[in-house]
Amino acid sequence: MKLKLSSRPERPCCPWSRCCGMGDFRPRTVWLGHPEKREQRYPRNVINNQKYNFFTFLPAVLFHQFKYFYNLYFLLLACSQFINELRLGALYTYWVPLGLVLAITIIREAVEEIRCYLRDKEMNSQIYSKLSTRGTVKVKSSGIQVGDLIIVEKNQRVPADMIFLRTSERNGSCFLRTDQLDGETDWKLRLPVACTQRLPTAADLLQIRSYVYAEEPNIDIHNFIGTFTREDGDPPVNESLSIENTLWASTVVASGTVVGVVIYTGKELRSVMNTSNPRHKVGLFDLEVNCLTKILFGALVVVSLVMVALQHFAGRWYLQIVRFLLLFSNIVPISLRVNLDMGKMVFSWMIKKDSKIPGTMVRASTIPEQLGRISYLLTDKTGTLTLNEMVFRRLHLGTVAYGMDSMDEVQSHVFSAYTQPSHDLPASRAPAATKVRKTISSRVHEAVKAIALVHNVTPVYEANGVTDQAEAEQHYEDTCRVYQASSPDEVSLVQWTESVGLTLVGRDQSSMQLRTPTGQILNFTILQIFPFTYESKRMGIIVRDESTGEITFYMKGADVVMAAIVQYNDWLEEECGNMAREGLRVLVVSKKSLTEEQYQDFEARYVQAKLSVHDRSLKVATVIESLEMEMELLCLTGVEDQLQTDVRPTLEILRNAGIKVWMLTGDKLETATCTAKNAHLITRNQDIHIFRPVTTRGEAHLELNAFRRKHDCALVISGDSLEVCLKYYEYEFMELACQCPAVVCCRCTPTQKAQIVRLLQERTGKLTCAVGDGGNDVSMIQEADCGVGVEGKEGKQASLAADFSVTQFKHLGRLLMVHGRNSYKRSAALSQFVIHRSLCISTMQAVFSSVFYFASVPLYQGFLIIGYSTIYTMFPVFSLVLDKDVKSEVAMLYPELYKDLLKGRPLSFKTFLIWVLISIYQGSIIMYGALLLFESEFVHIVAISFTSLILTELLMVALTIQTWHWLMIVGELLSLACYVASLVFLHEFIDVYFITTVSFLWKVTVITLVSCLPLYILKYLRRRFSPPSYSKLTT
């Protein structure tokens, strides 16, 4: 499954990479064990997930800060104070707040970069063994070069893309775990180059003159084209290389020790090419606040122009405009950025400290409020929704079914089949009941025997401290045996037959050994194997029982194909449907006895078909199909990939919250559909439209039309078909898919997952959240507005690349419903209140200047201005980050509350306008009140108005709060105490004797009441006659 992104492979590793010879990707000839013979320079084999390096850190962080209009405005403002004609007060009044903002940002970014650097360093420092002329030497992962011969042990990560040369396994092959690369849990069988596997020892690899020709590096993880050449052979040896001979980086060796030659490193690795560079994520909320500050800046310019216009543009009016811009600069509050950034830190800390979601980490502390507005959740399947553990659940024989609670009956039937052979008891003497029981018993035995034989599982014996490997293999030691297969389904079936008494104890290319409950070993010769393919959806095996000479053809496969192969029956379709509805993966098992003549005839035709040059696969399939007729149906098996705990209720919560869930998986279509039903991602009464495989524009057009006619049905589509649809009908497909209640994309490549996320963002404009647990999910996680990594069996790659990491999928419910909702609502309240605080003082300045003949003179100077937005009001205003409208239990119980936030109502132009009007009203009342009530001294205006302003702000915080926290009360009292205490030192601005008089107290009280009381009354009336939805749940 290829998804070519033209921009991705051409990305150079550094600006000067062309001169390093690394600009374009080219095919290469790699000499075994001789990295010095390279014909071009290759990138270093280092993993680098950092956003910056030592030199770019400061310039890049400052650029990201000042590219926003908001911060750039304050920088220009602060710089203007170096010009004497424009200076309004002390330099520190402008530079201290700006320096504080930048310091907080730089420290936060530095901490995240250092963490990222340490994680990368750990990966790059892993030690591997390298074959060299000096023998075996140790080398760090970052020191590996193209052409090196690297030894990889069992359960070790493959450090670079390699060609597989040798294995220690006797059967001459090895298994790879590729879940970090493609998300598939099936183990992949890999074969070494035949020529090098035949060499006596690994050291001989350095003695032969041989090289690998490899295609240019590309993004396709499922295909490879290359050749292996040995020049000193007689005659020279040439072997073609394909995907079967590769060991891609990020996969894990599951069996034996392997030796490979490195062909790609660093940025040319398949896994790196499928991972997009982490983008600098900026929250939608930050963009909205940025938009509001632009509006405020527009208002600032308008007010300044009006002031100069009312002076009739007298004198050096252009300088007056700049002075007014500086005078009213509070309209755009600098403390907004500081408050929001500190708020984000508090929200991140709350998420980490939540005991209900232990182990949750916040790796991107800049976007916690994004979690409160997610419209689309894109999730991986294996290891994210499921535990990746297959469990055998059901054996169905048509007339009788055995579940987990009745497996002992199956065991007794199998036991009796080997201890009391049915032919020992003549049927004529057996009572009728016994005859029926024998029939059931023999049917169960046949079914279990078939399941134990029709598979591709190999038992492997390992030393366990007591028994060594050779001895364990010789005696078929149960404690030392592990099963290896390319599919966990097959392993679960073989483990089940072991649990009921029939054990697979040995297997090689041509034979298989089963052990009966009595300890007897049954030997079978493997005559032919027809492996499972995605086209045939079935696998078959022909075996000869050595004890009787009987030849039997066994087959298992999906019900859709097996229904036409087995003899007519009236229960197969119905029971398959019933088991699928329970979320079980159903396989149909059948058999057919062959005579020696029938088999010889088949074999002759089969060999002939395999030798043909034209239409080989078609001829082979035709020969096999001649056997696949009128087969005896033995049983159905039901296997379940166990879901993680509470996946169903979590998905239900997300659905009720208005979030659409899409499942993107690398797994098979049947498996993905099964899991989607099992997890109730697709509800029981929902129709499913399985998108037929399409390869051309015409087919895609017809299939889209068929899909358009269906309403309210879930969509299941494969990666190949998806690629065709997106190529020709991107807009139409996305429009239809977005209307579906659920979408399942199977056989997806990592790049496709990221592409789907990007298309959803572009087409809908809504926020997306991607959840995954494997290396193949990293691109999707980094592309989404919010990336959540699940720490699972597939390692930590996804959780390290994510913005948030959780230990279980169920924690996602609380992360979004409680923390996401609270973070967004609190950020909205905090930002609007900070704007209100600044607009109040700006309104007062405007009124003051108007009354005093439009003079550009500041009302409050020096410390009063800095103190107003810091020690006098900072604690109460910032305590809004602790506010909550409902308890977390209520938010989880009523996910519909989350749906309200998707419309963005907590921070909108409407709420912004309301706060602007409140600010203008309160600022005007306070200033006009002070001007009316002051008697003689100008200092009295400052004292009355400033004290009223501080009290008004404290009362407005109390009015905004919905749930009181003890820290809020402390903040209010502390601020008031700080103001009262500081009056002693502010005699330069405030008349200390005047503030102790009764006259001062009653004037301040009246002004404060007039500014706040109407708003308290309005709030009461609104709560009484038009309460918000959440208040109905709290009363």
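Just above sits the structure.
Numbers given to residues run from 1 along each chain, matching the order in which its sequence is written. Where totals are concerned, whole chains, interfaces and linings use all residues; where local detail is concerned, this predicted model gives features only for residues with pLDDT of at least 70, and gives and counts side-chain atom pairs only at 80 or more. With hydrogens and water set aside, each side-chain value is computed from the structure's full complement of heavy atoms.

Visitor: When you look at the overall build of the chain in this model, what are you seeing that I'm missing?
Guide: Secondary structure counts use DSSP, requiring at least four H or I residues in a row for a helix and at least two E residues in a row for a strand, with both numbered from the N terminus. Looking only at helices and strands, the chain has 35 helices and 33 strands in total. Relative accessibility decides the category of a residue: with a 1.4 Å probe and only protein chains considered, values under 20% of the type maximum give buried, values over 50% give exposed, and everything between is partly exposed. Here the chain holds 1035 residues, and 56% of them are scored as buried. In the chain, the share of contacts with a sequence separation of at least 24, taken over all contacts with a separation of at least 6, comes to 73%. Taken as a whole, the chain presents about 45300 Å² of accessible surface, with 59% of it coming from carbon and sulfur. Under the convention used here, Asp and Glu are negative, Lys and Arg are positive, and both His and the chain ends fall outside the count. One atom stands in for each charge, and that atom is NZ of Lys, CZ of Arg, CG of Asp or CD of Glu. Separation between the mean location of the 107 positive side-chain charges and that of the 103 negative ones in the chain comes to 6 Å. In this analysis, two residues are considered to be in contact whenever any of their non-hydrogen atoms come within 4.5 Å of each other. Calculation of accessible area relied on Shrake-Rupley with a 1.4 Å probe; when residues are assessed, cover is drawn exclusively from the protein chains displayed.

Visitor: Help me out: how do you make sense of the sheet that holds strand E16 (residues 386–396) in this one?
Guide: Pairing between two strands is assigned when DSSP locates at least 2 bridges connecting them. A sheet is described by the order of its strands in space; here nine strands give the open sequence E17-E16-E26-E25-E24-E23-E22-E21-E20, paired in antiparallel fashion. Every interior strand has two partners, whereas the edge strands, strand E17 (401–402) and strand E20 (503–507), have only one. Two strands pair when backbone bridges link them, and strand E25 (residues 585–594) and strand E26 (residues 632–643) are joined in this way by seven bridges, in the antiparallel orientation. Across the sheet, residue Val 589 finds its bridge partner in E26, namely Cys 635.

Visitor: Teacher, can you tell me more about the packing of aromatic side chains here?
Guide: Aromatic ring pairs are reported here in terms of the distance separating the ring centres and the angle at which the planes meet. Here a pair means two rings of Phe, Tyr or Trp (six-membered ring of Trp) with centres within 6.5 Å. Their orientation is stacked below 30 degrees between planes, edge-to-face above 60, and tilted elsewhere. In this structure the tally under the stated criterion is 25 aromatic pairs. Ring plane angle 80° and centroid distance 5.9 Å describe the contact between Phe 224 and Trp 248, whose orientation is recorded as edge-to-face. Taken as a pair, Phe 224 in the loop between strand E8 (210–214) and strand E9 (226–230) and Trp 248 in the loop between strand E11 (246–247) and strand E12 (252–253) lie far apart in primary sequence, 24 residues in all. Residues Phe 224 and Trp 248 agree in their burial class; the two are buried. Feature note: the residues Phe 530, Phe 553, Tyr 599, Phe 602 and Tyr 606 constitute an aromatic cluster, connected by ring pairs. Arg 1024 extends its terminal NZ or CZ atom over the ring of Phe 1025, reaching a point 5.8 Å from the ring centre. A ring has a charge above it when a Lys NZ or an Arg CZ is no more than 6 Å from the ring centre and no more than 35 degrees off the ring normal.

Visitor: How should I be thinking about helix H21 (residues 719–728) in this particular structure?
Guide: For H21, the full list of buried residues reads Gly 719, Ser 721, Leu 722, Val 724, Cys 725 and Leu 726. Residues of H21 that are buried sit in contact with helix H20 (697–708), strand E29 (713–718), helix H22 (730–739), strand E30 (742–746) and helix H23 (750–764).

Visitor: Just checking my understanding: could you explain the side chain of Glu 169 for this structure?
Guide: For Glu 169, the location among the structural elements is in the loop between strand E5 (161–167) and strand E6 (174–177). Of the side chains with opposite charge, Lys 154 comes closest to the buried, unpaired Glu 169, at an N-O distance of 7.3 Å. In this structure, Glu 169 is in contact with Gln 197, Ser 255, Gly 256 and Gln 484, ignoring residues within four places of it in sequence. Any carboxyl oxygen of Asp or Glu within 4 Å of a side-chain nitrogen of Lys or Arg constitutes a salt bridge here.

Visitor: What is the right way to look at the packing of H22 against H23 in this model?
Guide: Any two packed helices are characterised by how steeply their axes cross, that is the angle between the axes, and by the distance between the axes. Axes, fitted as lines to C-alpha atoms, cover a helix only where it is in contact. Angles between the N-to-C directions of the axes lie from 0 to 180 degrees. At their nearest, the axes of H22 and H23 sit 11 Å apart, and the two run at 85° to each other. Accordingly, the angle class assigned to the pair H22 and H23 is roughly perpendicular. For the pair H22 and H23, contact is made by Glu 730, Tyr 731, Met 734 and Cys 738 and by Leu 759, Leu 760, Arg 763 and Thr 764, respectively. Looking at the contact of H22 with H23 residue by residue, the class counts come to five nonpolar, one polar and two charged. The cut-offs work like this: below 35 degrees is roughly parallel, past 145 is roughly antiparallel, 65 to 115 is roughly perpendicular, and the gaps in between are oblique. When residue character is reported, Ala, Val, Leu, Ile, Met, Phe, Trp, Tyr, Cys and Pro are called nonpolar, Asp, Glu, Lys and Arg charged, and the others, Gly included, polar.

Visitor: How should I be thinking about the sheet that holds strand E4 (residues 149–152) in this particular structure?
Guide: By way of backbone hydrogen bonds, the strands of a sheet pair with one another, either parallel or antiparallel. An order of E3-E2-E4-E13-E5-E11 is seen for the six strands of this open sheet, with the pairing classed as antiparallel. Each end of this open sheet is capped by a strand with a single partner; those strands are strand E3 (135–140) and E11. Examined bridge by bridge, E5 and E11 share two bridges and lie antiparallel to one another. By the bridge assignment for E11, Ile 163 is matched with Thr 246.

Visitor: Can you help me understand the state of the cysteines in this one?
Guide: Criterion for a disulfide: a pair of cysteine sulfur atoms at a distance within 2.5 Å. One pass over the structure, following the stated rule, counts zero disulfides. With no disulfide of its own, Cys 769 lies closest to Cys 786 among cysteine sulfurs, the gap being 5.5 Å. Residue classification places Cys 769 among the buried positions, given a relative accessible area of 0%.

Visitor: Help me out: how do you make sense of the pattern of salt bridges in this one?
Guide: Any two side chains of opposite charge can pair, so long as their charged atoms come close to each other. Counted under the stated rule, the structure contains 30 salt bridges. Residues Asp 803 and Lys 281 are paired through a salt bridge, measuring 2.6 Å at the closest nitrogen-oxygen approach. Of this pair, Asp 803 sits in the loop between helix H25 (797–801) and strand E33 (804–806) while Lys 281 is found in the loop between helix H6 (270–273) and helix H7 (284–310), placing the two residues 522 residues apart along the sequence. Each member of the pair, Asp 803 as well as Lys 281, carries the same accessibility label: buried. Of the charged contacts in the structure, one is a salt bridge between Glu 783 and Arg 758, with a shortest N-O distance of 3.2 Å. Taken together, the positions of Glu 783 in helix H24 (residues 778–783) and Arg 758 in helix H23 put the pair 25 residues apart, joining distant regions of the chain.

Visitor: I'm lost on the packing of helix H26 (residues 811–851) against helix H31 (residues 909–933) in this one. Help?
Guide: The geometry of H26 relative to H31 is characterised by a closest axis approach of 8 Å and an angle of 40° between their N-to-C directions. When the axis of H26 is compared with that of H31, the two are oblique. In this structure, the crossing between H26 and H31 has a hand that is right-handed. For the contact of H26 with H31, the class distribution of residues is 17 nonpolar, eight polar and no charged. Handedness of a helix crossing follows the sense of rotation of the near helix relative to the far helix, less than a right angle counterclockwise being left-handed and clockwise being right-handed.

Visitor: What's the story with empty space enclosed by the protein in this structure? I'm lost.
Guide: Over the atoms rolls a probe the size of a water molecule, and its path tells where empty space is left. Grid spacing is 1 Å over the protein atoms alone, the probe is 1.4 Å, and a cavity is where that probe fits but cannot get out, while a pocket is an open set with protein on both sides within 12 Å along at least five of seven lines and lining residues have an atom within 4 Å of a point. Grid points are joined across faces, edges and corners, and a volume is the space filled by probe spheres set on the points. Under the criterion given, the structure shown has nine cavities of 30 Å³ or more. Its volume calculated, the largest cavity comes out at about 310 Å³. Lining the largest cavity are 21 residues, with Gln 65, Tyr 68, Arg 108, Asp 286 and Arg 337 sitting closest to its centre. Counting residues per element, the ones that place at least two in the lining of the largest cavity are helix H1 (57–66), helix H2 (69–80), helix H3 (92–124), H7 and helix H9 (335–353). Among the elements that line the lining of the largest cavity, the one with the most residues is H7, at four residues. Here the residues of the lining of the largest cavity are counted per class, giving six nonpolar, eight polar and seven charged.

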